[in-house]
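# Summary of the model geometry
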Amino acid sequence: MTTTTYAEPTRRHQRHPAPRPSLAWNIADAWVLIGRSLRHTVRNGDALFMGVFLPMMLLLLFVYVFGGALEAGIAQSDYVDYVVPGVILLTAGFSAATTAVSVTTDMTTGVMDRFRSLPITNWIVVLGHVVASLARNLFSTALVVGVALLIGFRPSASFLDWVAAVGVISLFILMMTWVSVMFGLIAKSADAASGFTFFILFLPYMSSAFVPVETMPAALRGFSEHQPITPIIETVRGLLMGTPIGDSAWQAVVWTVGILVIVIPVSARLFRRRTTS
Amino acid sequence: MTNSHDYAIRASGLKKAFKGATVLDGVDLAVPEGTMLALLGPNGAGKTTTVRILSTLLPFDGGEATVGGYDVAREPGGVRHVLGLTGQYASVDEILTGRENLVMIGRLYHLGRARARDRADQLLHQFNLADAADRAVKTYSGGMRRRLDLAASLIAAPPIIFLDEPTTGLDPRSRQQMWDVIRDLLRGGTTILLTTQYLEEADQLADRVAVIDDGRIIADGTAAELKERVGTERVELTFASADDARAALHVVDRTDTAHLHDDATRLSLPVDAPDDVRHVLNALAAASVPVNGIGLSKPSLDDVFFTLTGTHAPHPPTPAEDGTPTGARPGTDTHPQTLSNSGAQAR
Ligand SMILES: Nc1ncnc2c1ncn2[C@@H]1O[C@H](COP(=O)(O)OP(=O)(O)OP(=O)(O)O)[C@@H](O)[C@H]1O
Ligand SMILES: [Mg+2]
C-alpha cells in the first residue's frame, strides 16, 4: 500500500463529495442516540426497577424499619433528615451501574456494527448512554426527594444550597456512569457487566450514608472515611441540612473529577480497541 | 483494465491475518458501477472478513481498496456515506421496535426526521413488516430480523450495498422475496456485493461471480462462464460398491469434470441434454457396470470446487443449518430430483 496509488483521478471522479462530520451533525446524532438510550431505560424493566422502585423502597425501609433503631446513635432529631442524602447517592449508584449492561450489550451484539457502518462519530453511541443515565438518575433523585418531603424530610437548604447539591450529585452520577461505562467496555458479556452493579451496591453501605462512620469498627472506619462516597455524602448532607462540611467539599470534588479524568480516557481507549476488530 | 473510478468497488491484494493466521491472502475484486458481484465460497473462506474490511469495520494488513471512489483505509467516513451494509448477523436494536430502528438509522444518515419517517414507512410495507412495525425487534423471527436489517441498510438509498449471506437460513418463500428485492435494487442502478454459499443464488442474481477459497479468489467470471466449466445440470449415479463406482468413472472417461463423492459409491458428472444421460447409461450398460440409482441435480458448491481445484470444498455446510436453494447437494441427497418427474429437457 503506497501513497502513489492513491492518485488524483480517483478523487476527481468521486460522485459524492467527501462529507465531513460537522458539529451540527454530531449534535443531531447525539440527540437521536440519547433518545435511543432513554427509550431503552423506559422499556427495560431492570433499569426502571433500579431507578425508581428500589430507591423508593430503600427510603421507606431505612426510615420506617431501621430508622427507630438507628436514630438512637445519631445526634440528630430525625433519622429521615440524616438518611435522605445517603439514599439519593445510593439511587444514583444503582441506576448508573445499569449503564454497564447497556454498553456491554451494544458491544457484544451486532448493533455496534450497524452504528459503525453509519456516517457518524462512533463514540456518540456511548455518550447517548451517559446522558440518558444522567437524566434517569436526576429523575429518580427528584422522585426520592419528593417522597422524602412527604414523609417528613425537612431540609434547611437555601436555593443556592440546592443548586450546589444538585451540582455535586450530578458530578457523582457522571462519575458512577463513566466508571460503569468502563466496566461495560471491559466486560465480555452482559452478565459480567451486571455483576458490576452488585459491587457498586455495597460501596454506599460502607460510608457515612446510613450510619455515622464513628459507629463502625476501626478497620471498616478507616476504609469508610477515605472512600470517595463519604466526602460526597457529607457535602450533600451539609448543603441540604446545614451540617458542617469542612474538608468534605474539596475532597468530594477532587475524588469525582480525579476519577473522571482517569476513567474517560481509559474508556475512550477501550472503546477504540473494541470497535476496531 | 479500466480506470479505478469505473468501479464502484475495487480491491487489490487485500491481506488480513488474525493473530498470525492468514485469513485473506491477496483478494482482488472489481465491481463495475450498477452491477452485482457474487462472492461465492464455503464456510471460513473469508467472505465476511472481506465484507467487513471493505465496509471499514475491520483494519487490514495489506493491499488497497476503494468503495464509491473513497479509499477504505484513508477515507472511512466517505465509504460509510455511500455504503449500506447488511451483515451476516442481523445488526438491529433488539429493544426498539422495527419502526424505531429504521427511523433512528435514517436520522443518523441525516435524512431529517420527516423523511426518515416516510422512508421507514415505505420500507416496512415493502418488506412485509408493517404489521410488526411497532413491536420490539426481540419478538421478531429470524427472517423478519433479516428483512429489517436489509431495510435498515436501504433507508438512505445508498448507491452501493453489501449483503453478507442474505438468504442463509431463510425459508424458500422468504428467499424468493429477498431475491426480488435484490433484483429491484439492481434495476434501480445500485451496485451490489453479495456473498453466498449457493451457486444457484449467484447464478440467479449476479452479473459476475468470484469464487473465494481459503482467502484467495480462485475463479472470477460471469455466471455463464462458471457454469460452462461446471455444467448446468449434473447427473448423480449411485453404485453398489466403490469398485463399481471407480469402474464407472473409468467408463464415462470425463476425469476433468466427473468426480466421486467422499463415500466413494456416488459419481457426479455434468450433463447438458437428456441424450447425455442416455449415452452415459448406455456406456455403463455396455461395460456391464450396474447402476443402483440415478438423480439429477444442479451443481453444488462442492461441484464447483471440484471442477476448479480438483478437491472438495474444505468445510461443506451442513444441510440442517443452511437450507440450500439448489434442492439437492451431492453428498446429502436431501431432495434428489428423479429423472421421471423432472426431466432434463424441462429446464
Ligand atoms: N476475529 C477473528 N479472530 C480470529 N479468526 C477469525 C476472526 N474472524 C474470522 N476469523 C477466521 O477467519 C476465517 C474466515 O472467516 P470469515 O468469517 O471471513 O469466513 P466466511 O467466508 O464468512 O464464512 P461463513 O460462510 O461461515 O460465514 C475463518 O477461519 C475464521 O475462523
Ligand atoms: Mg461469513
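Fair warning: this is a prediction, and the values are worked out from it, not measured in the lab.

### Considerations on the coordination of the magnesium ion (ligand 2)
In the first shell of the magnesium ion (ligand 2), the protein supplies B:Thr48 (OG1) and B:Gln88 (OE1), at 1.8 to 2.0 Å from the metal. With B:Thr48 in helix H1 (residues 47-54) and B:Gln88 in the loop between strand S6 (83-86) and helix H3 (98-108), this residue pair connects regions lying 40 residues apart in the sequence.

### Details of the UniProt feature "transmembrane region" (unreviewed entry) in chain A
Residues and elements named next belong to chain A. Mapped onto the present numbering, the UniProt feature "transmembrane region" (unreviewed entry) falls at residues 47-70, 82-103, 124-151, 163-186, 193-213 and 249-271. What you have in residues 82-103 is 100% helix and 0% strand, and the ends, taken at the C-alpha atoms, are 34 Å apart. Annotation note: span residues 249-271, helix share 100%, strand share 0%, distance between end C-alpha atoms 32 Å.

### Observations concerning the pattern of salt bridges
Residue and element names in this part refer to chain B. Under the defined criterion, the tally for this structure stands at 21 salt bridges over all chains. Of the charged contacts, one joins Asp-243 and Arg-246 as a salt bridge, the two residues approaching to 2.7 Å between their closest N and O atoms. One end of the pair, Asp-243, and the other, Arg-246, are both in helix H9 (residues 242-252), three residues apart, so they sit about a helical turn from each other. Owing to a relative accessible area of 52%, Asp-243 belongs among the exposed residues under this scheme.

### Considering the site of ligand 1
Residue and element names in this part refer to chain B. Near ligand 1 lie 13 residues; those nearest to it are Gly-44, Lys-47, Thr-48, Thr-49 and Glu-165. For ligand 1, an oxygen atom lies 3.1 Å from a polar atom in the side chain of Gln-197. For ligand 1, whose free accessible area comes to 640 Å², the fraction covered by protein is 61%. The greatest single-element share of the shell around ligand 1, amounting to three residues, is contributed by H1. Each residue belonging to the shell around ligand 1 can be placed in one class, and the counts come to four nonpolar, seven polar and two charged.

### Points about the sheet that holds strand S4 (residues 62-67) of chain B
Residues and elements named next belong to chain B. In spatial order, the strands read S2-S1-S4-S5; together these four strands make up an open sheet with antiparallel pairing. The open sheet has two edge strands, strand S2 (21-32) and strand S5 (70-71), and neither has a second partner. Examined bridge by bridge, S4 and S5 share two bridges and lie antiparallel to one another. Across the sheet, residue Val-67 finds its bridge partner in S5, namely Tyr-70.

### Focus: a nonpolar patch on the surface
All names here are of chain A. There is a patch of nonpolar side chains on the surface, built from Leu-60, Leu-61, Tyr-64, Val-65 and Phe-66 and spanning about 450 Å² of accessible area. In this fold, Leu-61 is placed in helix H3 (residues 45-71). With a relative accessible area of 34%, Leu-61 lands in the partly exposed category.

### Here's the deal with the nonpolar core
The biggest cluster of nonpolar side chains holds 122 residues, and the ones touching the most others in it are A:Phe115, B:Leu102 and B:Val211. At 16 residues, helix H4 (residues 79-108) of chain A tops the list of elements feeding residues into this core. Inspection of this core shows a minimum of three residues originating in each of domain 1 (7-226) and domain 2 (231-339) of chain B. Grouped together as the second largest cluster of nonpolar side chains are 30 residues, B:Leu14, B:Val67, B:Val79 and B:Ile160 included.

### Regarding the confidence of the model for chain B
Residue and element names in this part refer to chain B. In this model, chain B carries a mean pLDDT of 82, and residues with pLDDT of at least 70 account for 85%. The secondary-structure element of chain B with the lowest mean pLDDT is helix H12 (residues 319-322), recorded at 40, while H3 shows the highest, at 96. This model gives residues 315-347 a pLDDT under 50, and the stretch forms 60 contacts once residues within four places in sequence are excluded. Interface predicted TM-score (ipTM) for the complex: 0.82; the corresponding pTM is 0.79.

Conventions and cut-offs
- The residue count restarts for each chain, going from 1 along the sequence in the order it is written.
- In the order they appear in the text, chains get letters beginning with A and ligands get numbers beginning with 1.
- With the structure being a predicted model, the display of local features is reserved for residues of pLDDT at least 70 and the display and counting of side-chain atom pairs for 80 or more, all residues being used for whole-chain, interface and lining totals.
- Water and hydrogen atoms play no part in the side-chain values, which are based on all heavy atoms of the structure.
- Metal coordination here is assigned from N, O and S atoms located within 2.8 Å of the ion, or within 3.2 Å for Na, K and Ca; omission of water means that sites may look incomplete.
- Under the DSSP-based scheme used, a helix requires at least four consecutive residues in state H or I and a strand at least two consecutive residues in state E, with every element numbered from the N terminus.
- UniProt positions are given in the numbering used here, feature names are shortened, and annotations may be inferred rather than shown by experiment.
- Basic side-chain nitrogens of Lys or Arg form a salt bridge, by our definition, when they fall within 4 Å of a carboxyl oxygen of Asp or Glu.
- Burial classes follow relative accessibility: with a 1.4 Å probe on protein chains only, a residue under 20% of its type's maximum area counts as buried, one over 50% as exposed, and anything between as partly exposed.
- Residues are counted as near a molecule or strand when any one of their heavy atoms sits within 4 Å of it.
- Distance and chemistry together define a polar contact, namely a pair of N or O atoms within 3.5 Å, with one atom able to donate a hydrogen and the other to accept it when in protein, and with adjacent residues in sequence counting only for side-chain atoms on both sides.
- In this description, accessible areas are obtained by the Shrake-Rupley approach with a 1.4 Å probe, and a residue is regarded as covered only by the protein chains that are shown.
- Under the scheme applied, nonpolar residues are Ala, Val, Leu, Ile, Met, Phe, Trp, Tyr, Cys and Pro; charged residues are Asp, Glu, Lys and Arg; polar residues are all the others, including Gly.
- Strands pair, by our definition, only if DSSP identifies at least two bridges between them.
- Patch membership requires more than 30% relative accessible area and the absence of a salt bridge. Residues of like charge join within 9 Å; the nonpolar side chains Val, Leu, Ile, Met, Phe, Trp and Tyr join within 5 Å.
- The term nonpolar core refers to a set of buried residues drawn from Ala, Val, Leu, Ile, Met, Phe, Trp, Tyr and Cys, joined through side-chain atoms within 4.5 Å.
- Domain limits in this description derive from either an automatic procedure or a database domain assignment.
- A score between 0 and 100, pLDDT records how confident the predictor is in each residue.
- Here a residue-residue contact requires only that any non-hydrogen atoms of the pair lie within 4.5 Å.

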